[in-house]
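So the chains spell out like this:
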Protein chains: 2
Amino acid sequence: MNTLKVALLGCGNVGSQVARILLDDAESLARRAGARLELTGIAVRNVDAPRDVELPRALFTDDAETLVKDADIVIELMGGIEPARSLILRAIEHGASVVSGNKALLAADGPGLYEKAAAANVELYYEAAVAGAIPILRPIQESLAGDRITRVLGIVNGTTNYILDQMDTTGADFADALKAAQALGYAEADPTADVEGLDAAAKGTLLASLAFHTVFPLEAVKCQGITGITAGDIEAARDTGFVIKLLAIAEKQTAKDGTEGVSVRVHPTMLPRTHPLAAVHGAFNAVFVEAENAGELMFYGQGAGGRPTASAVLGDAVTAARRIVSGGRGRTETTGEPLAVLGEDSILTSYYIGIDAADQPGVLAQIAHVFADHGVSIEVMRQTMHTEDPLSLADGSATAELRIVTHRGTELRSPRQWRRSRTWMS
Amino acid sequence: MNTLKVALLGCGNVGSQVARILLDDAESLARRAGARLELTGIAVRNVDAPRDVELPRALFTDDAETLVKDADIVIELMGGIEPARSLILRAIEHGASVVSGNKALLAADGPGLYEKAAAANVELYYEAAVAGAIPILRPIQESLAGDRITRVLGIVNGTTNYILDQMDTTGADFADALKAAQALGYAEADPTADVEGLDAAAKGTLLASLAFHTVFPLEAVKCQGITGITAGDIEAARDTGFVIKLLAIAEKQTAKDGTEGVSVRVHPTMLPRTHPLAAVHGAFNAVFVEAENAGELMFYGQGAGGRPTASAVLGDAVTAARRIVSGGRGRTETTGEPLAVLGEDSILTSYYIGIDAADQPGVLAQIAHVFADHGVSIEVMRQTMHTEDPLSLADGSATAELRIVTHRGTELRSPRQWRRSRTWMS
């Protein structure tokens, strides 16, 4: 099996998780990628700075230039425009594929970088730049490549979604909800980029460019943040069946003069509470896509955080590695995991059982007895009478419907009379 | 620009939409694929049968063998095991890439076919085989390739979700809800494959194999359908905060003897109403993925229907074409669409405006006047008093909060005093 050299630029919240997974999951990643992914170094400004994750000291270097020159895959998680941009260009020149999570750089210069990567026949992936762990760029680029997307609505900033959700659920005003978000680490000490919608605008630009196969400049995004939203606005929205969400909206439309074009805007939006995006709570993200043939699609998940974002970065890295290994068409299916096929004996779950029983003395005890005999422990038992005539109780013609929920266990070794078992709990 | 020959096998509900889009959207598809996708023929059993969509008579043939031999991309939408399997193998032998939506065949023999395609260095894609329009296979195969998926929960059968949703919302019993589904075309005259969970089992098998990088045999799926669910079960679930959904559950777990393995089961499941899958209504599908680093993800959309499924088929076809064109690393970003960048003048939406106004005679009229002067039409206006002291009304110190929703229009050409405009409606 080949070995591919992986250079990591940056070791913050996400970078340190990427390094950890590359080291801890090396074997499994190698099986999937078709090559060993060897972490050759981590470029940081200060090699002695404390890290979230314990990593071998020898991996750290402050010489990013040298590290990049010798890599097959460069993972750029430094953020900011420079030196990230120069290092990515250097990587491409040296024939390395690049994985980046740098939304600021990609929103500013994505198509330019992509052209250079395509010309050099290397990959440039950046799934982590929009909506963290949620696979959204690749589905838009590939799965929806045969459709015409008409609109993309995204909750792509977890900080503002957390703040608005807090205001909606607790009645808090903006300042208090922001403080709560800061206390939990969801908002920065200087929250401007989030609460003014600038972060969402960069992501909206990336989504628009990919969804509409065009180049949308960041400067053309119309952007309004959430700092002006009052508790009264939230309440008024709720009273009328709406919820306020900060959305990035990229839309294909026809201008007054008949020109077909694309607009991108970020602003607080009144969404009907029945809309799937209205159910996106806390710091979660979601992207809602409308396409001519596919109709409505939604992609939901964690939009930030070290581990979720690292998941997206590594998905890109494995995909890039597969392409390098195959020298072309990337193998996307691998079946080499050493996993057994487990049958029902191994399925551990709670069971829900409905029984229609004669409502006679002793029936309940009899049923409870059968459960006990089979070692099945009951968590909840409810009984409903099937009669409107109290007299029928006496003559034994009434039936009782028993609803039983068991504790978690494997499939009941059930005699035939228990086949009415109806639904499980997950 | 090159031309790639596309052969279509089958022309039912999905196939006819695929043919229509290939013909109608030829230019746009060519820009995205980097090659013209020329539909060279449609193989059907009866060339004279009536079709959902009007298509050129000359395209139809009953000689699938000959059609396949000359194609660059073969799209198989015949369903069933044979002759679909033989034709796919023939296509691979001739060096064509294959796109299929045939879940029965892929659940039975997917890894075998995939091996043959990989050996021949051609693509085999089948996004349409699971959850219709929802991009789920590619995200699992590529975006999550660097993570460890621990569980997949899928509402992957629209028929049963519609039936259960009807039972939940209307109190109908199973038989009546099934009749309603049949009347709407959501259920077949013989609904066995859907209501007994067999269709979901095939999809669960495909999801398990891809999610866990292993081969999971269809026969090992533990499967229970929804025919035994009563209106009472649904009611009892609702009373306790649950909803009953038919889920395909693929799970990585450790068996009693310590073996690591995978189980797949399909059965009615009690889901807490707060779970994101609980909000999947009607015939919609959704797949919920739990991964070690990414956490919880959900993919939501239309799981069936001609146009949505055709969207998934064409996404695969364009992706396959890109790989053929590039002879390797597929270009996934294209920016050639003739679309303008539209600014705020073109954004047509309703506006929500909050104004704190002095509660004095004439103020409301004055405000209404300004709206009228600017040609902005008001849809809703609400006023809330900001005082608890009725006397303050007289001295003019009370303020009234006005909440105005405009009709759809472009951005207000607003003088400075209107900058308190706060939220929009989408």
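Basis of the calculations
Once a new chain begins, its residue numbering starts again from 1 and follows that chain's sequence as written. All chains are assigned letters beginning with A, and all ligands numbers beginning with 1, in the order in which they are written. Under the rules for a predicted model, residues below a pLDDT of 70 receive no local features and side-chain atom pairs below 80 are neither given nor counted, while totals for whole chains, interfaces and linings still include all residues. Each side-chain value is worked out from all heavy atoms of the structure, with water and hydrogens disregarded. Put simply, DSSP H or I for four residues or longer makes a helix, DSSP E for two residues or longer makes a strand, and each gets a number counted from the N terminus. Only protein chains enter the accessibility calculation, which uses a 1.4 Å probe. A residue is then buried if its area is under 20% of the maximum for its type, exposed if over 50%, and partly exposed in between. Here a residue-residue contact requires only that any non-hydrogen atoms of the pair lie within 4.5 Å. Throughout, the Shrake-Rupley method with a 1.4 Å probe supplies accessible areas, and for residues the shown protein chains are the sole cover considered. Every definition here rests on a 1 Å grid over the protein atoms only: cavities are sets of points where a 1.4 Å probe fits but cannot get out, pockets are open sets enclosed by protein on both sides within 12 Å along at least five of seven lines, and lining residues have some atom within 4 Å of a point. Grid points are joined across faces, edges and corners, and a volume is the space filled by probe spheres set on the points. Three classes are used, and their members are as follows: Ala, Val, Leu, Ile, Met, Phe, Trp, Tyr, Cys and Pro are nonpolar, Asp, Glu, Lys and Arg are charged, and the others, Gly among them, are polar. UniProt positions are given in the numbering used here, feature names are shortened, and annotations may be inferred rather than shown by experiment. Fitted lines through C-alpha atoms give the axes, limited to the stretch in contact for helices. The angle between two N-to-C directions lies from 0 to 180 degrees. Roughly parallel refers to an angle under 35 degrees, roughly antiparallel to one over 145, roughly perpendicular to one between 65 and 115, and oblique to any angle outside these ranges. Handedness of a crossing follows from how the near helix is turned relative to the far one, being left-handed for an anticlockwise turn of less than a right angle and right-handed for a clockwise one. Take the number of residues in a helix, subtract one, and multiply by 1.5 Å to get its expected span. Under this definition, polar contacts are N or O atom pairs within 3.5 Å; protein pairs additionally need one hydrogen-donor-capable and one acceptor-capable atom, and for neighbouring residues in sequence, both atoms have to be side-chain atoms. By the convention used here, strands pair only if DSSP detects at least 2 bridges between them. The rule is short: rings of Phe, Tyr and Trp, with Trp giving its six-membered ring, pair when the centres are within 6.5 Å, and they are stacked under 30 degrees, edge-to-face over 60, tilted in between. A ring is considered to have a charge above it if a Lys NZ or an Arg CZ atom is located within 6 Å of its centre and within 35 degrees of its normal. Only one rule defines a salt bridge in this text: a Lys or Arg side-chain nitrogen within 4 Å of an Asp or Glu carboxyl oxygen.

(A) Layout of the overall build of chain A. From N to C terminus, chain A includes 14 helices and 17 strands. Split into buried and exposed, the 426 residues of chain A put 58% on the buried side. Taking all contacts inside chain A whose residues are at least 6 apart in sequence as the whole, residues at least 24 apart take part in 69%. Entry remark: accessible area of chain A is about 16600 Å², with carbon and sulfur atoms responsible for 50%.

(B) Structural view of the layout of surface pockets. Residue and element names in this part refer to chain B. Taken as a whole, the second largest pocket holds about 1200 Å³ of empty space. What lines the second largest pocket is a set of 46 residues, among which Lys 103, Glu 188, Asp 199, Lys 203 and Ala 304 lie closest to the centre. Among the elements of the structure, helix H1 (13-24), helix H5 (103-119), helix H7 (158-170), helix H9 (192-195), helix H10 (198-211) and helix H12 (306-326) are those that each provide at least two residues to the lining of the second largest pocket. It is H10 that provides the largest number of residues to the lining of the second largest pocket, a total of five residues. For the lining of the second largest pocket, the class distribution of residues is 21 nonpolar, 18 polar and seven charged.

(C) Seen up close, the UniProt feature "binding site: NADPH" (unreviewed entry) in chain A. Residues and elements named next belong to chain A. Taken from the UniProt record, the annotation "binding site: NADPH" (unreviewed entry) applies to Lys 103. Along the chain, Lys 103 falls in helix H5 (residues 103-119). Judged by its relative accessible area of 27%, Lys 103 falls in the partly exposed class. Once you skip the residues sitting within four places of it in the chain, Lys 103 turns out to touch Ala 129, Asp 199, Ala 202, Lys 203 and Leu 206.

(D) Broad picture of helix H4 (residues 84-93) of chain A. Residue and element names in this part refer to chain A. All of the buried residues along H4 are Ala 84, Leu 87, Ile 88, Leu 89, Ala 91 and Ile 92. Looking at the packing, one finds that the buried side of H4 touches strand S1 (2-9), helix H3 (64-69), strand S4 (73-76), strand S5 (97-100) and H5. Just downstream of H4, Gly 95 is the residue with a positive phi angle, here 85°.

(E) Just the packing of H5 of chain A against helix H10 (residues 198-211) of chain A, in detail. All names here are of chain A. Their axes nearest at 9 Å, the elements H5 and H10 cross at an angle of 45°. The angle between the axes of H5 and H10 places the two elements in the oblique class. Judged by the sense of rotation from one axis to the other, the crossing of H5 with H10 is left-handed. Contact residues: H5 offers Lys 103, Leu 106 and Ala 107, while H10 offers Asp 199, Ala 202, Lys 203, Thr 205 and Leu 206. Among the residues making up the contact of H5 with H10, the classes are represented as four nonpolar, one polar and three charged.

(F) Inspection of helix H7 (residues 158-170) of chain A at higher detail. Residue and element names in this part refer to chain A. Look at H7: 18 Å from first C-alpha to last across 13 residues, which is about the 18 Å you get at 1.5 Å a residue. With 10 of 13 residues buried, H7 is to be regarded as a mostly interior element. Considered for burial, the residues of H7 that qualify are Gly 158, Thr 159, Thr 160, Asn 161, Tyr 162, Ile 163, Leu 164, Asp 165, Met 167 and Asp 168. Contacts from the buried residues of H7 go to strand S7 (149-155), helix H8 (174-183), helix H9 (192-195), helix H11 (231-239), strand S9 (242-254) and strand S11 (284-291).

(G) Geometry of the side chain of Arg 138 of chain A. Relative to the helices and strands, Arg 138 of chain A is located in helix H6 (residues 137-143). A polar contact of 3.0 Å, which involves the side chain of Arg 138 of chain A, links it to the side chain of Asp 316 of chain A. A polar contact of 3.4 Å, which involves the side chain of Arg 138 of chain A, links it to the side chain of Ser 143 of chain B. With residues near it in sequence (within four places) discarded, Arg 138 of chain A still touches Tyr 125, Glu 127, Ser 143, Asp 316 and Thr 319 of chain A together with Arg 138, Glu 142 and Ser 143 of chain B.

(H) Focus on the sheet that holds strand S5 (residues 97-100) of chain B. Residue and element names in this part refer to chain B. Read across the open sheet, the six strands follow the order S3-S2-S1-S4-S5-S6; overall the sheet is parallel. The open sheet has two edge strands, strand S3 (60-61) and strand S6 (124-125), and neither has a second partner. Taken together, the four bridges between strand S1 (residues 2-9) and strand S4 (residues 73-76) define a ladder with parallel strand orientation. Its bridge partner lying in S4, Leu 8 is registered against Ile 75. Contacting S1, S4 and S5, helix H4 (residues 84-93) runs over the sheet at an angle of about 155° to S5.

(I) Quick look at the packing of aromatic side chains. Per the stated rule, a full pass over the model turns up five aromatic pairs over all chains. Here the aromatic rings of Phe 299 of chain A and Phe 299 of chain B are separated by 6.0 Å at their centres, their planes lie at 85°, and the arrangement is edge-to-face. A residue pair is termed interchain when its members come from two chains, as with Phe 299 of chain A in strand S12 (residues 295-302) and Phe 299 of chain B in strand S12 (residues 295-302). Each member of the pair, Phe 299 of chain A as well as Phe 299 of chain B, is classed as buried. Measuring from centroid to centroid gives 5.0 Å for Phe 284 of chain B and Tyr 300 of chain B, while their planes differ by 5°, and the two rings are stacked. Of this pair, Phe 284 of chain B sits in strand S11 (residues 284-291) while Tyr 300 of chain B sits in strand S12, and the two are 16 residues apart along the sequence. Residue Tyr 300 of chain B is classed as buried on the basis of its relative accessible area of 9%. Between Arg 138 of chain A and the ring centre of Tyr 125 of chain A, over which it is positioned, the NZ or CZ distance is 4.8 Å.

(J) Quick peek at the pattern of salt bridges. According to the stated counting rule, one finds 38 salt bridges over all chains in the structure shown. The shortest N-O distance in the salt bridge between Arg 20 of chain A and Asp 24 of chain A comes to 3.9 Å. With Arg 20 of chain A and Asp 24 of chain A both in helix H1 (residues 13-24), this residue pair falls four residues apart, about one helical turn. Because the salt bridges share partners, they merge into one network encompassing Glu 123, Arg 138, Asp 316 and Arg 323 of chain A together with Glu 142 of chain B.

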